[in-house]
Amino acid sequence: MLILGIFYFLLGLILLYYGSDWFVLGSERLARYFSVSNFVIGATVVAIGTSLPEVITSVYASYTHISGIAIGNAIGSCICNIGIVLGLSAILNPIKVNNNLRSNILFYLLYVILTAILGVNGFSWIDGTILLLIFLIYLRWTIKNGYIDNIEIEEIEKNIEKHNISLAFSLVLSIVGLIGVLVGAKLFVDGAKNIAIALNISDKIIGFTLVAFGTSVPELMVSLAAAKRNLGGIILGNVIGSNMADIGGALAISCLFTNLPSANIQMVILIVMSLLIYLFARFGKINRLHGLILLVLYIFSIVTLRMG
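On a predicted model such as this, the values are computed, not experimentally measured, just so you know. (Residues numbered from 1 in each chain as written. Predicted model: local features only at pLDDT ≥ 70, side-chain atom pairs only at ≥ 80, totals over all residues. Heavy atoms only, no water.)

1. Quick notes on the nonpolar core
Reasoning step 1: With 78 residues, the main nonpolar core has L86, L251, L270 and I286 as its most contacted residues.
Reasoning step 2: Here this core gets 13 residues from one element, more than from any other, and that element is helix α3 (residues 67–92). (Core = buried A, V, L, I, M, F, W, Y, C linked by side-chain atoms within 4.5 Å. Buried < 20%, exposed > 50% of the residue type's maximum accessible area, 1.4 Å probe, protein only. Helix = DSSP H or I, 4+ residues; strand = E, 2+ residues; numbered from the N terminus.)

2. Points about the packing of α3 against helix α9 (residues 217–228)
Reasoning step 1: Two elements in contact, α3 and α9, have axes separated by 9 Å at closest approach and are oriented at 20 degrees. It follows that α3 is roughly parallel to α9 by the angle criterion. The two elements α3 and α9 cross, and the hand of that crossing is right-handed. Contacts between α3 and α9 involve N81, I84, V85, L88, S89 and L92 from the former and E219, L220, S223, L224, A227 and K228 from the latter. (Axes fitted to C-alpha atoms, helices over the stretch in contact; angles between N-to-C directions. Parallel < 35°, antiparallel > 145°, perpendicular 65-115°, else oblique. Left-handed = near helix turned anticlockwise from the far one by under 90°. Contact = heavy atoms within 4.5 Å.)

3. With respect to the confidence of the model for the chain
Reasoning step 1: With 88% of its residues at a pLDDT of at least 70, the chain reaches an overall mean of 82.
Reasoning step 2: Confidence scores differ between elements of the chain, with helix α6 (residues 150–163) showing the lowest mean pLDDT of 47 and helix α11 (residues 264–281) the highest of 94.
Reasoning step 3: Overall, residues 149–156 carries pLDDT values under 50, and its contacts beyond four positions in sequence, including any with other chains, amount to eight contacts.
Reasoning step 4: This stretch, residues 159–163, has a pLDDT under 50; its non-local contacts, to residues over four places away or in other chains, come to five contacts. (pLDDT = per-residue confidence, 0-100.)

4. Let's talk about the side chain of S301
Reasoning step 1: Its location among the elements puts S301 in helix α12 (residues 288–307).
Reasoning step 2: In this view, S301 contacts I79, F208 and I269; residues no more than four positions away in its chain are not counted.

5. Thoughts on a nonpolar patch on the surface
Reasoning step 1: Judged by side-chain polarity, Y63, W125, I126, I130, L256 and F257 come together as a nonpolar surface patch covering roughly 640 Å² of accessible area.
Reasoning step 2: Considering every element that reaches the nonpolar patch, the biggest residue donor is helix α5 (residues 125–145), with three residues.
Reasoning step 3: Within the secondary structure, W125 sits in helix α5. (Patch = residues over 30% accessible without salt bridge, like charges linked within 9 Å, V, L, I, M, F, W, Y side chains within 5 Å. Areas by Shrake-Rupley, 256 points an atom, 1.4 Å probe, with all protein chains shown as cover. Salt bridge = Lys/Arg side-chain N within 4 Å of Asp/Glu carboxyl O.)

As structure tokens, this is what we get:
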């Protein structure tokens, strides 16, 4: 069972990685045609696209009554996105934060606090519905307040002309990527479950560590690529938007299938790390030291969970 579990896990991870990458690439190219700003792309299209593994994985786990993986993956991925994705990206290239980004971070912080309050005794379908509705409001608010300047419009037009982007190809790429994510999620959860059973490890710990990190790989790769190009807006948009999607999508929708257990320790860690992002952002930049702090806190959270 262990060998089969590892095989399913790795195969699922590969499908999740490439499926998400193709989906994001196709979706981003489609978005370019509508002159959507980099920040809005990061917070919506890229964030939702890279969060599909978490959403599909948690929902499937919930549907098959593996509630520990469902909640562990959703919250664990949020912490992983901050500690590893944002932390490493900031270490690679400091991220500038403007007023628009700070407003989104504050909205996100309040959302996390509300999630913690609702989930003190576990999450019901009512909690899931509330979180889902707020997430949809966030998307509408982000798109409405997203702006694009003349310089960025020129860059988008040059990008479209330079790469000769095809709408049809972008659509096919998105569909193929989504199918890869759906199939990969099933194999990924099945593999993680078999590994947990073979090693006598609780499904919540597997979800919070192994599954959470695995499904956060798309966010990590996209953000590191953006960091190399000094696209801080896409990085922060991806991390904040992905965390919103993990809670409002992965966690909230999972609650509609079955009640999820509480994850109070994980939520406390997430609140602390989210608060740090907001405090760092008030300096106008998330620098390398800030990134290192977030990375160390992530490692500490993993150690704390295992000891608990």
